[in-house]
Amino acid sequence: MPEASAIRLYATRRFTPAVEQAMDARYQVTRNWADTAMTSDALAQAAQGCEYLMVSLTEKVTAEVIARLAPTLKVICTLSVGVEHLDLAAAKQAGVKVLNTPDVLSEATAEIAMMLILGAARRAAEGGRMIRDDTWYGFTPTGMLGQQLTGRRLGILGLGRIGKEVAKRAAPFGLKLHYHNRRPLPAEEAMGTTYHETSDSLLAVSDIFCITAPSTPELKSFLNAERIARLPKDAIVINVARGDMVDDDALIEALQSKRLFAAGLDVFRGEPDIDPRYRTLDNLFAVPHLGSGTVETRDAMGFVLLDGLQAIERGETPHNQLV
Ligand code: DGY
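Only a predicted model underlies this, so the values are computations on that prediction, with no experimental measurement involved. (Residues numbered from 1 in each chain as written. Predicted model: local features only at pLDDT ≥ 70, side-chain atom pairs only at ≥ 80, totals over all residues. Heavy atoms only, no water.)

**Student:** Hey, could you run me through the packing of aromatic side chains in this one?
**Tutor:** Here the distance between the centres and the angle between the planes together describe a pair of aromatic rings. Scanning all chains against the criterion turns up 4 aromatic pairs. With centroids separated by 5.2 Å and ring planes inclined at 80°, the aromatic side chains of Y27 and Y52 adopt a geometry described as edge-to-face. With a gap of 25 residues between them, Y27 in the loop between α1 (17-26) and β2 (28-31) and Y52 in strand β3 (residues 52-55) connect regions that are remote in the sequence. A residue is classified by how much of its surface remains accessible, and Y27, at 3% relative accessible area, is buried. (Phe/Tyr/Trp six-rings, centres within 6.5 Å; stacked < 30°, edge-to-face > 60°. Helix = DSSP H or I, 4+ residues; strand = E, 2+ residues; numbered from the N terminus. Buried < 20%, exposed > 50% of the residue type's maximum accessible area, 1.4 Å probe, protein only.)

Right, dumping it as structure tokens:
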């Protein structure tokens, strides 16, 4: 490996000023100034000859990309905790290390989950539209009634780093906490939550069902029509994980028919080209993948990657190295 200052790093996106400054001070950086999502082919061409590759979740780093970059590539860094856009097995086989950004984004993502829970339960999208469109008919004793959180049951699919931060924030709102993981957490980590051995059992008690589990092949389209039918009538669905864990047809139908009271979504299948029917739903409170979107968190995500690279240069294995 060349001296740090001679290492070539290709960055597919713009990162926060503090992160770019540190990156530029340490490495020979080439970046995609256009800051648009790159196709795999464009990425493989643009990043030829780099030792480090810095991507975000918008770039697919396939086995082919890795093979094309492998002659020089040493480390792939992704500015995300999710890694479904990277072929980890191909990286491992090619001897390329992969770093991601666990922990540092859990709090910001949990804040967005709370915003979605509140916004969906209290009809914030519909109310906001009335203000903007000047269709507010004024206060009425029975108008725009939402669901109060106090005493309702929040079911968390995936009580991991993000799920735990959601639980911490939800408890003071008076929500009763339930979760499903493959295995129960030790009592000292479970924060008084109730464990469900199966996701079906969790669904059955979830007045608010919140997806925080990582998107794995087994969880693709997890929330389908059959599972939505297991939720209590008038339940609320929240997703801060990945859009591909929800069957859009089933969720949209349940929102249209009012089988579900509302949904709060931060993530969508095929984003930003979302199913257009979502735009027509008054009972959807949606934001465009803002989970980790604070200056503090995006700085921390960038630095956890740069710190990881420095650890590798010292011959250490950083805590965020996946392969
Ligand atoms: C991640 O890190 O995977 C998030 O979705 C980005 O906010």
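We are not done yet, so read on.
**Student:** Can you walk me through the site of the ligand in this structure?
**Tutor:** Close to the ligand lie L57, S80, V81, G82, L105, R242, H289 and S292, which account for all nearby residues. Separating an oxygen atom of the ligand from a backbone N or O atom of V81 is a distance of 2.6 Å. The side chain of H289 places a nitrogen or oxygen atom 2.7 Å from an oxygen atom of the ligand. Out of a free accessible area of 240 Å², the ligand has 92% covered by protein chains. For the shell around the ligand, the residue count by class is 3 nonpolar, 4 polar and 1 charged. (Near = heavy atom within 4 Å. Polar contact = N/O pair within 3.5 Å; in protein donor to acceptor, adjacent residues only side chain to side chain. Areas by Shrake-Rupley, 256 points an atom, 1.4 Å probe, with all protein chains shown as cover. Nonpolar A, V, L, I, M, F, W, Y, C, P; charged D, E, K, R; others polar.)

**Student:** Looking at this structure, how should I read the domain arrangement of the protein chain?
**Tutor:** How big an interface is tends to be stated in terms of the accessible area lost upon association of its parts. Entries for the protein chain in the domain assignment read domain 1 (4-104 + 294-313) and domain 2 (106-286). Each of domain 1 and domain 2 has a C-alpha centre, and these two points are 32 Å apart. Tallying the contact residues gives 9 residues for domain 1 and 5 residues for domain 2. The junction of domain 1 with domain 2 conceals about 620 Å² of combined surface from both sides, 46% of it contributed by carbon and sulfur atoms. Connecting domain 1 to domain 2 are 2 salt bridges. As a salt-bridge pair, R242 and E84 come within 2.6 Å of each other at their nearest N and O atoms. On inspection of domain 1 and its partner domain 2, the count reaches 3 residue pairs in polar contact (both at pLDDT 80 or more). Residues of the side of domain 1 that touches domain 2, tallied by class, amount to 4 nonpolar, 3 polar and 2 charged. (Domains from an automatic or database assignment. Contact = heavy atoms within 4.5 Å. Buried area = accessible area lost by both parts, 1.4 Å probe. Salt bridge = Lys/Arg side-chain N within 4 Å of Asp/Glu carboxyl O.)

**Student:** Would you mind going over the side chain of T16 with me for this structure?
**Tutor:** Mapped onto the elements of the fold, T16 is located in the loop between β1 (8-11) and α1. Residue class for T16 comes out buried when judged on its relative accessible area of 17%. Of note is the side chain of T16, whose polar atom sits 2.5 Å from the side chain of D299. With residues up to four places along the chain from it excluded, the contact list for T16 reads R298 and D299.

**Student:** I keep staring at the environment of L9 and nothing clicks. Help me out?
**Tutor:** Counting through the fold element by element, L9 comes out in strand β1. The sequence separation of L9 and G49 amounts to 40 residues, and the corresponding C-alpha distance is 9.0 Å. Among residues more than four places away in sequence, those in contact with L9 are M23, Y27, Q28, V29, T30, Y52, M54 and L309.

**Student:** What's the story with the pairing of strand β7 (residues 176-180) in this structure? I'm lost.
**Tutor:** Regular strands place their side chains on alternate faces of the sheet. Counting buried positions over the 5 residues of β7 gives 4, a clear majority of the element. One ladder, built from 5 bridges, connects strand β6 (residues 153-157) with β7; its direction is parallel. What sits directly across from L154, in β7, is L177. The β-α-β motif built from β6, the intervening helix α7 (residues 161-170) and the parallel element β7 has right-handed crossover chirality. (Pairing = 2+ DSSP bridges. Right-handed = clockwise from strand over helix to strand, strands pointing away.)

**Student:** Is there a simple way to think about the sheet that holds strand β12 (residues 284-286) in this case?
**Tutor:** On the basis of which strands lie adjacent, the open sheet formed by 7 strands has the order β8-β7-β6-β9-β10-β11-β12 and parallel pairing. A single partner strand is all that each edge strand has here, and the edge strands are β8 (194-195) and β12. Set on the sheet, α7 makes contact with β6 and β7; between it and β6 the angle comes to about 170°. Sheet strands in contact with helix α11 (residues 248-256) are β10 (235-239) and β11 (260-265), and its direction is about 130° off that of β11. (Axes fitted to C-alpha atoms, helices over the stretch in contact; angles between N-to-C directions.)

**Student:** Mind showing me how you'd approach the packing of α1 against helix α12 (residues 295-313) here?
**Tutor:** Packed helices, taken two at a time, are described by their axes: the angle between them and the distance between them. As a packed pair, α1 and α12 sit with axes 9 Å apart at the nearest point and diverge in direction by 20°. The pairing of α1 with α12 is recorded here as roughly parallel in orientation. For the pair α1 and α12, the crossing hand works out as left-handed. Here A18, V19, A22, M23 and R26 of α1 lie close against α12, whose contacting residues are R298, D299, G302, F303, L306, D307 and Q310. Residues belonging to the contact of α1 with α12 are distributed by class as follows: 6 nonpolar, 2 polar and 4 charged. (Parallel < 35°, antiparallel > 145°, perpendicular 65-115°, else oblique. Left-handed = near helix turned anticlockwise from the far one by under 90°.)

**Student:** What is the right way to look at the side chain of D266 in this model?
**Tutor:** By the element assignment, D266 lies in the loop between β11 and β12. Buried charged residue D266 carries no salt bridge. Nearest counter-charge: R242, at 7.4 Å. There is a polar contact of 2.9 Å between the side chain of D266 and the backbone nitrogen of G291. Leave out the neighbours within four places in its chain, and D266 touches I112, L116, N239, V240, E271, V287, P288, H289, L290 and G291. (Lys, Arg positive; Asp, Glu negative; His and termini not counted.)

**Student:** I keep staring at the pattern of salt bridges and nothing clicks. Help me out?
**Tutor:** Throughout the structure, instances matching the rule amount to 24 salt bridges. Of the charged contacts in the structure, one is a salt bridge between R129 and D282, with a shortest N-O distance of 2.2 Å. Of this pair, R129 sits in helix α6 (residues 124-133) while D282 is found in the loop between β11 and β12, placing the two residues 153 residues apart along the sequence. Given the relative accessible area of 26%, R129 is considered partly exposed. Across the pair R230 and D200 runs a salt bridge whose closest N-O atoms are separated by 3.2 Å. Taken together, the residues span a long stretch of sequence, with R230 in helix α10 (residues 225-230) and D200 in helix α9 (residues 199-205) at a distance of 30 residues.

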